[in-house]
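# Structure assessment
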Amino acid sequence: MLQRALGRARWSIAWERLWPALASILTAAGLFLALSWFGLWIALPPLARAICVFLFFVLAVAAAVPLFFVRVPTPIDGLRRLDRQSNLPHRPATAIADRMAPEAGDQFATALWRAHLERALRAARALKAGVPVPRLAVRDPYALRALVLILAVSSFFAAGSDRMRRIAAAFDWQGVVSAANYRIDAWVTPPAYTGRPPVILPGLRPGEPARTAASVSVPAGSVLVVRASGQAGLQLAVTGGIAEAPAEARPQAPAGTEELRYTINESGTARVRGGGDSLAWTFTAIPDKPPTIALAKEPESQLRGSLLLAYKMEDDYGVIEAQANFESKGTAPAGGKPPRALYSAPEFPLVLPQARTRNGAAQTTKDVTEHPWAGVDVVMTLVARDEAGNEGKSQPQELRLPERPFTKPLPRALIEQRRILALDAHAKERVMLALDALSIAPERFTPETNVYLGLRSIYWHLVRAKNDDGLRDVVGRLWSMAVLLEDGNLSETERALRAAQDALREALERGATDEEIKRLMDQLRAALDKFLQAMAEEMRRNPQAQRPLDPNSMRNLRSQDLRSMLDRMERMARSGARDAARRMLEQLQQMLENLQMARPGGEMGEDSDEMQSALEELGDLIRRQQQLRDRTFRQGQDQRRQQRGQRGQQQQPGDQQQNQMGELRQDQQALRDQLRKLLEEMRRRGFPQPGQQGQQGGQEMDQLGRAGEAMGDAQGQLGDGNADGAVDSQGRALEALRRGAQGLAQSMQQMMGQGQGPGPGEPGRMGRSRANQDTDPLGRPLRGRDYGDDTTVKVPGEIDVQRARRILEELRKRFGETFRPQLELDYIERLLKDF
């Protein structure tokens with residue numbers, strides 16, 4: 001028992017002697033680690049690091065000196081501690097260890113000594129070694145050791161995964177003797193979706209003067225890249241919202257270099273050090289704002305029940321996705337079970353003006369008539385998203401989802417019961433009763449056997465429906481039967497047409513190949529032909545179901561107009577104008593939604609085709625005149641180069657040049673003759689002659705007459721070998737032709753809107769009011785008009801498309817000519833990318 005107490009006492013004494021020396025050493029080490037993890041060594045130059053490390057070494061040696069004077073506690077020291085800590089009388093621990101002086105033959109002294117030991121042994125149970133008391137407060141009255149501990153713990157978490165590199169920076173003294181050859185480059189790479197180029201930052205080079213801090217504004221999420229080559233000793237300290245890039249975003253640096261990557265999430269600073277020099281950058285992070293989207297006008301319902309949405313959107317880097325979301329506007333019932341809808345509210349994607357829209361307007365036509373929520377009051381919200389995941393919403397818009405109009409009583413009744421069942425599964429019994437009532441007295445109300453059998457089949461399917469899937473199957477059967485009774489075979493062709501439109505739209509959005517675009521365009525043409533044939537057959541079969549034509553709002557389309565529109569759409573897609581082709585597809589869908597068939601023998605006759613043919617011939621004449629002018633211009637360039645080469649020599653142009661001028665003159669004469677024949681044909685149809693004022697169409701005919709005169713001037717100048725003068729005359733002819741063609745188109749629209757023909761006594765072809773005189777037969781706004789906030793699509797004309805194609809071909813040709821200067825080739829390459 002005494003031995004165990006003595007061991008505890010000696011350990012306590014040893015700890016009291018050892019701990020003050022260890023605490024000094026640990027305090028010095030903790031201070032070193034705290035300063036290292038706070039980034040002191042990265043901020044200091046190499047010489048200052050070496051001095052500080054030396055001072056810490058001296059401090060550590062001074063703190064370790066007391067260790068050499070620590071004595072190991074003896075047993076006597078332990079016994080004395082036991083007596084002192086136990087506070088017992090007569091020092092029992094020391095007494096047990098004592099020895100009696102030799103007193104030979106003194107029995108009384110021996111007995112007394114034994115009694116003394118027995119009393120000491122009885123007191124040994126109460127011996128205490130006590131708790132070690134190093135008395136550090138005497139050595140450190142201000143508790144600096146606690147401050148060092150707090151600094152070490154806080155800096156440990158602040159350094160993160162960069163702890164070891166910051167400690168190693170204290171022993172990096174390469175800058176004490178500056179490296180002779182090193183290079184530190186830095187740049188900031190914005191996120192790819194911003195489309196911004198990298199920002200090059202000032203770097204460090206040997207022998208360059210000290211640099212001031214640079215302030216840079218970059219998009220949030222940009223990556224700071226610092227790359228060093230040579231013996232630079234790269235170090236980087238960051239503050240603020242700058243964090244080390246994740247491991248997957250740190251590719252392996254090129255051989256012989258060292259690279260650091262940090263992500264700039266918020267504003268902050270970064271200080272780079274290497275080669276005995278340092279440089280700091282201040283970054284201002286530009287946050288990515290969420291996109292905005294709003295309706296440009298109130299939602300519209302088309303004649304065939306589709307929903308037309310026109311909207312505007314804006315984003316700092318571009319919207320990549322948009323959709324329309326709907327939710328029910330209905331209120332909870334006052335009593336009974338709340339309705340349980342079998343289908344969720346509809347939602348569909350919106351068409352973007354272009355692949356990545358920063359600011360633009362667009363419109364989407366969506367057929368929601370087949371959705372069970374058609375005809376229900378809803379709240380619509382448009383949602384736009386950018387590539388960073390930010391989301392913007394429009395103001396909620398209350399509307400009633402458009403529903404398909406049904407003219408026959410039985411289909412209307414079936415659609416009503418379908419809506420009731422789809423919006424509330426608890427209404428099953430009520431719908432069963434209604435379907436049973438519809439089949440009463442079939443010989444009077446449903447004489448067709450197939451219709452009666454279809455009603456009874458749907459009724460018994462509803463009776464046997466045990467779950468929501470069975471009820472949804474009944475909802476689908478009700479829709480199919482109602483559409484079949486209303487349209488016959490037209491519904492199948494209409495679905496095929498919409499499927500072809502959706503497939504072509506998806507291909508244009510994802511940038512499909514020209515072969516796939518051509519295949520889908522052929523499918524769309526075939527589906528459109530079948531749809532028009534089915535519509536005509538349905539009108540002939542049920543003329544009483546045809547809606548009355550409104551002469552003030554109706555726009556009649558010919559199949560030739562639709563095919564011409566498809567041809568232009570295909571040419572746009574194949575020439576690279578995919579966005580324009582996609583917008584024209586949306587316009588085509590909108591036109592088809594509002595399409596009505598005219599009664600046979602009605603308002604459209606052969607004269608409309610003749611007028612359209614005349615305009616097309618005029619457009620072909622303009623195209624050929626433009627080509628001839630380009631050839632004349634090139635001939636003038638060749639002529640001037642030849643004159644410069646023959647400067648000082650009296651020589652006549654060669655036979656080859658004269659032959660080329662003769663060919664150009666003949667082509668110009670042929671175009672003038674073609675224009676003269678066209679004017680005679682138009683005068684035969686009732687248009688006034690050039691120079692007759694006060695008659696409708698007189699100004700346009702004057703423009704065409706001036707075009708003929710300018711062609712004659714160009715013909716004469718070509719005969720004289722004056723290519724530059726001929727180019728000017730041909731330019732006047734082109735301008736007059738374009739003005740005349742545009743004026744004739746507008747005059748035709750005005751005459752048709754007033755119920756007049758192009759000549760006296762001819763009946764009108766398209767009943768349209770004055771409000772609709774600003775649009776062409778396809779419903780597009782005429783050029784030169786101001787429509788304010790109109791969001792309709794401006795489709796480029798045939799001449800514009802051909803001109804763009806010629807420019808593109810010329811750019812490609814010049815880009816392949818390697819003898820051109822590199823600066824010119826670079827410029828042409830940028831033009832081709834933007835084209």
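Everything below is about the structure shown above.
For the structure given in this document, a descriptive report is provided here. Everything numeric in this text was worked out from a predicted model, so none of it was measured.

## Describing the pattern of salt bridges
- Tallied over the entire structure, the rule returns 23 salt bridges.
- One salt bridge in this structure joins Arg 385 and Glu 321, with 3.8 Å as the shortest N-O distance. Of this pair, Arg 385 sits in strand β13 (residues 377-386) while Glu 321 is found in strand β10 (residues 307-328), placing the two residues 64 residues apart along the sequence.
- By relative accessible area, which is 21% here, Arg 385 ends up partly exposed.
- The partly exposed category is assigned to Glu 321, whose relative accessible area is 38%.
- For the salt bridge of Arg 456 with Asp 436, the shortest nitrogen-to-oxygen distance reads 3.0 Å. Taken together, the residues span a long stretch of sequence, with Arg 456 in helix α13 (residues 449-464) and Asp 436 in helix α11 (residues 428-438) at a distance of 20 residues.
- What makes Arg 456 buried here is its relative accessible area of 17%.
- On the basis of relative accessible area, Asp 436 is assigned to the partly exposed category, the value being 31%.
- Members of the salt-bridge network, linked through shared partners, are Lys 518, Asp 522, Arg 525, Asp 567 and Glu 570.

## A word on the packing of aromatic side chains
- Tallied over the entire structure, the rule returns 7 aromatic pairs.
- A centroid spacing of 5.5 Å and a plane angle of 75 degrees characterise the contact between Phe 32 and Phe 56, whose relative ring orientation is edge-to-face. Of this pair, Phe 32 sits in helix α1 (residues 2-37) while Phe 56 sits in helix α3 (residues 46-64), and the two are 24 residues apart along the sequence.
- Judged by relative accessible area, which is 14%, Phe 32 ranks as buried.
- For Phe 56, a relative accessible area of 15% puts it in the buried group.
- Ring centres of Trp 37 and Phe 156 lie 5.4 Å apart, and the angle between their planes is 70 degrees; on these two criteria the pair is classed as edge-to-face. Pair noted here: Trp 37 is in helix α1 and Phe 156 is in helix α8 (residues 144-159), with a separation of 119 residues, a long-range link.
- By the ring-pair criterion, three or more aromatic residues cluster together here, those being Trp 37, Phe 156 and Phe 157.

## Looking at the packing of α13 against helix α14 (residues 468-487)
- α14 packs onto α13 with a crossing angle of 165 degrees between their chain directions and a minimal axis gap of 9 Å. One element, α13, and the other, α14, form an angle in the roughly antiparallel class. For the pair α13 and α14, the sense of crossing is left-handed. Across the interface between the two elements, Val 451, Gly 454, Leu 455, Ser 457, Ile 458, His 461 and Leu 462 from α13 touch Leu 471, Asp 473, Val 474, Arg 477, Leu 478, Met 481 and Leu 485 from α14.
- Classifying every residue of the contact of α13 with α14 by side-chain character gives 9 nonpolar, 3 polar and 2 charged.

## Quick notes on the nonpolar core
- Core analysis: the largest hydrophobic core is formed by 28 residues, its most contacted members being Leu 504, Ile 517, Leu 524, Met 569 and Leu 588.
- The element that contributes the greatest number of residues to this core is helix α16 (residues 514-541), accounting for 9 residues.
- Those residues in contact with Ile 517, other than ones at most four positions away along the chain, are Leu 504, Ala 507, Leu 508, Ala 512, Ala 573 and Arg 578.
- Ranked by size, the runner-up nonpolar core spans 26 residues in total, among them Leu 410, Ala 422, Met 432 and Val 483.

## Re α3
- Between the first and last C-alpha of α3 there are 27 Å, a value that for 19 residues agrees with the 27 Å anticipated at 1.5 Å per step.
- When we look at burial in α3, the residues that qualify are Pro 46, Arg 49, Val 53, Phe 56, Ala 63 and Ala 64. End-on view of α3: buried residues confined to an arc of 95 degrees, all on one side of the axis. Opposite the buried face of α3, at more than 90 degrees from it, the exposed residues are Leu 47, Phe 54 and Leu 55.

## A word on a nonpolar patch on the surface
- Where nonpolar side chains cluster on the molecular surface, the patch consists of Leu 18, Leu 47, Ile 51, Phe 54, Leu 55, Phe 57, Val 58, Val 61, Val 65, Leu 67, Phe 68 and Phe 69 and spans about 1200 Å² of accessible area.
- By residue number, the principal contributor to the nonpolar patch is α3, which donates 7 residues.
- Assignment of secondary structure puts Phe 57 in helix α3.

## Some thoughts on α8
- For α8, spanning 16 residues, the distance from its first C-alpha to its last is 22 Å, which sits close to the expected 22 Å at 1.5 Å a residue.
- What α8 keeps buried is the set Val 148, Ala 152, Ser 155 and Ala 159. For α8, the buried positions fall inside an angular range of 80 degrees around the axis, keeping them on one side. Seen from the open side of α8, the exposed residues pointing more than 90 degrees away from its buried face are Leu 149, Ile 150 and Phe 157.
- Gly 160 occupies a position one or two residues after α8 and carries a positive phi of about 65 degrees.

## Brief notes about the pairing of strand β1 (residues 182-189)
- Examined bridge by bridge, β1 and strand β4 (residues 222-230) share 8 bridges and lie antiparallel to one another. When the sheet's bridge partners are listed, Tyr 182 is paired in β4 with Gly 230.

## Remarks on the side chain of Thr 381
- One can find Thr 381 in strand β13.
- Judged by relative accessible area, Thr 381 falls into the buried class, the value being 18%.
- If sequence neighbours within four positions are ignored, Thr 381 has contacts with Gln 323, Ala 324, Asn 325, Lys 393, Ser 394 and Pro 396.

## Topic: the environment of Asp 185
- Along the chain, Asp 185 turns up in strand β1.
- Sequence separation of Asp 185 and Ser 229 is 44 residues, and the distance between their C-alpha atoms is 8.8 Å.
- Of the polar contacts made by the side chain of Asp 185, one reaches the side chain of Arg 183; its length is 2.7 Å.

Criteria and cut-off values
Every chain begins its residue count from 1, and numbering advances along the sequence as written. Thresholds applied to this predicted model are a pLDDT of at least 70 for local features of residues and 80 or more for the giving and counting of side-chain atom pairs; totals over whole chains, interfaces and linings are not thresholded and use all residues. As a convention, hydrogens and water are excluded, and side-chain values are obtained from all of the structure's heavy atoms. Here a salt bridge means any side-chain nitrogen of Lys or Arg lying within 4 Å of a carboxyl oxygen belonging to Asp or Glu. Segments assigned H or I by DSSP are reported as helices when at least four residues long, segments assigned E as strands when at least two residues long, and all are numbered from the N terminus. Classification of residues uses two cut-offs on accessible area relative to the type maximum, computed with a 1.4 Å probe and protein chains only: under 20% is buried, over 50% is exposed, and between them is partly exposed. Aromatic contacts are taken between Phe, Tyr and Trp rings whose centres are within 6.5 Å, Trp giving its six-membered ring; a plane angle under 30 degrees counts as stacked, one over 60 as edge-to-face, and the others as tilted. Here, axes are lines fitted to C-alpha atoms. For helices the fit covers the stretch in contact, and angles between N-to-C directions go from 0 to 180 degrees. Relative orientations are named as follows: roughly parallel for angles under 35 degrees, roughly antiparallel for angles over 145 degrees, roughly perpendicular for angles from 65 to 115 degrees, and oblique for any other angle. Crossings are sorted by hand: turned counterclockwise from the far helix by less than a right angle, the near helix makes the crossing left-handed, and turned clockwise it makes it right-handed. A contact between two residues is defined here by any heavy atoms of the two lying within 4.5 Å. In this count, Pro and Cys sit with the nonpolar residues alongside Ala, Val, Leu, Ile, Met, Phe, Trp and Tyr, while Asp, Glu, Lys and Arg are called charged and the others, Gly among them, polar. Here, the term nonpolar core denotes a set of buried Ala, Val, Leu, Ile, Met, Phe, Trp, Tyr and Cys residues that are joined through side-chain atoms within 4.5 Å. Given a helix with a known number of residues, its expected span is that number minus one, times 1.5 Å. The arc under discussion is defined with respect to the helix axis, by the directions toward the C-beta atoms. Surface patches are defined over residues having more than 30% relative accessible area and no salt bridge, joining like charges when they lie within 9 Å and nonpolar side chains (Val, Leu, Ile, Met, Phe, Trp, Tyr) when within 5 Å. Note on areas: Shrake-Rupley with a 1.4 Å probe; residue coverage comes only from the protein chains shown. Strand pairing requires that DSSP identify at least two bridges connecting the strands. Under this definition, polar contacts are N or O atom pairs within 3.5 Å; protein pairs additionally need one hydrogen-donor-capable and one acceptor-capable atom, and for neighbouring residues in sequence, both atoms have to be side-chain atoms.

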